[in-house]
Amino acid sequence: GEKLIANDKMVGKTISVLHIKNFRYLSQKFGPRKADEILKKFGVVVKNFLVESEMLAILGGDNFAVIINNERVDRFTEYLSNISVPLNTGSNIISFDVAARAGFYEARKNDTLNDIMNAAFVALDVARAKETSDFVKMDPYMIKRIMQEKEISNVFPKALKEMEFCVFCHIFKHLKRFTFS
């Protein structure tokens, strides 16, 4: 990564951080060895999609990083949506669908490796929080929103303790039914 950045070879590339959905469940259902086998096979399937100028790295656990050419990002997300790996359960071989979430960041000139990875992880965190899409591209407002959310969550307990505001409940009346909820 550092060599690519030092030579400005990241321009024209997108970094994607992938996270296998429900990996803990896979480990519980099939056992740690089979879950690791699923991870390895997933990595092989992802690597098979990549061309020579693209790379795959295992970050640890159930996380991967992919450096992909900008013009192939849409095809890559489509490919990620349909990954299936064979799994020998002992009694038979099943085709197992592996679902992933991913955050994407398009590298810019003068970005550091830290900038690129942080931005991709922020997009991944947004993908985890969103229920509408498993694939999220970084936009400049994401970090600002996340920082605001963290600030609010940090001051909220103190504000409650010091009675800076009061929590109350509204009772709504349904006019048609004349009931309260």
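What you are looking at is a predicted structure, and each value in this text was computed from that prediction instead of being measured. (Residues numbered from 1 in each chain as written. Predicted model: local features only at pLDDT ≥ 70, side-chain atom pairs only at ≥ 80, totals over all residues. Heavy atoms only, no water.)

J.: I tried to follow the pattern of salt bridges on my own but got confused; where do I start?
T.: Per the stated rule, a full pass over the model turns up 7 salt bridges. Among the ionic pairs, Glu37 bridges to Lys34, the shortest N-O distance being 3.8 Å. Taken together, the residues Glu37 and Lys34, both in helix H3 (residues 32-49) and 3 residues apart, mark about one turn of the helix. Residue Glu37 pairs with Lys41 through a salt bridge whose shortest N-O separation is 3.1 Å. Of this pair, Glu37 and Lys41 both sit in helix H3, separated by 4 residues, roughly a single helical turn. Residue classification places Glu37 among the partly exposed positions, given a relative accessible area of 24%. One connected set of salt bridges, linked through shared partners, spans Lys21, Arg101 and Asp134. (Salt bridge = Lys/Arg side-chain N within 4 Å of Asp/Glu carboxyl O. Helix = DSSP H or I, 4+ residues; strand = E, 2+ residues; numbered from the N terminus. Buried < 20%, exposed > 50% of the residue type's maximum accessible area, 1.4 Å probe, protein only.)

J.: What exactly am I supposed to notice about the packing of aromatic side chains here?
T.: In total, this model carries 5 aromatic pairs according to the counting rule given. Measuring from centroid to centroid gives 5.6 Å for Phe49 and Phe76, while their planes differ by 40°, and the two rings are tilted. You can see Phe49 sitting in helix H3 and its partner Phe76 sitting in helix H4 (residues 73-80), a full 27 residues away along the chain. For Phe49, a relative accessible area of 16% corresponds to the buried category. A centroid spacing of 6.4 Å and a plane angle of 85° characterise the contact between Phe76 and Phe104, whose relative ring orientation is edge-to-face. (Phe/Tyr/Trp six-rings, centres within 6.5 Å; stacked < 30°, edge-to-face > 60°.)

J.: Just checking my understanding: could you explain the sheet that holds strand E1 (residues 13-20) for this structure?
T.: Remark on secondary structure: sheet strands pair via backbone hydrogen bonds, oriented parallel or antiparallel. Pairing within the open sheet is mixed, and its 5 strands lie in the order E2-E3-E1-E6-E7. Edge positions in the sheet fall to strand E2 (55-60) and strand E7 (135-137), since each has one partner strand and no second. Pairs of neighbouring strands in the sheet enclose a mean axial angle of 20°, with direction left out of account. (Pairing = 2+ DSSP bridges. Axes fitted to C-alpha atoms, helices over the stretch in contact; angles between N-to-C directions.)

J.: Help me understand the nonpolar core, please; the structure alone is not making it clear to me.
T.: Buried together is how nonpolar side chains tend to be arranged in soluble globular proteins. By size, the foremost hydrophobic cluster in this structure holds 26 residues, and its most contacted members are Leu18, Ile20, Phe42, Phe76, Leu80, Ile83 and Val98. Mapped by element, the contributors of at least two residues to this core are E1, helix H2 (23-30), H3, strand E3 (63-69), H4, strand E4 (84-88) and strand E6 (100-106). The biggest single contributor to this core is H3, with 7 residues. With near-sequence residues (within four places) excluded, Val98 lies in contact with Ile20, Ile38, Phe42, Leu80, Ile83 and Val85. Within the second largest apolar cluster, 19 residues are counted, among which are Met10, Ala120, Ala127 and Met138. (Core = buried A, V, L, I, M, F, W, Y, C linked by side-chain atoms within 4.5 Å. Contact = heavy atoms within 4.5 Å.)

J.: What should I look at first to understand the pairing of E4 in this one?
T.: Consecutive residues of a regular strand have side chains that alternate between opposite faces of the sheet. Burial along E4 is one-sided: the face carrying Val85 and Leu87 is buried and the face carrying Ser84, Pro86 and Asn88 is not. Of the strand pairs in this sheet, E4 and strand E5 (residues 93-97) are connected by 5 bridges, and their pairing is antiparallel. Of the residues in E5, the one forming a bridge with Val85 is Phe96. Connecting the antiparallel pair E4 and E5 is a turn made up of 4 residues, with Gly90 showing a positive phi of about 105°.

Function cannot be inferred from these measures alone, as they are strictly geometric.
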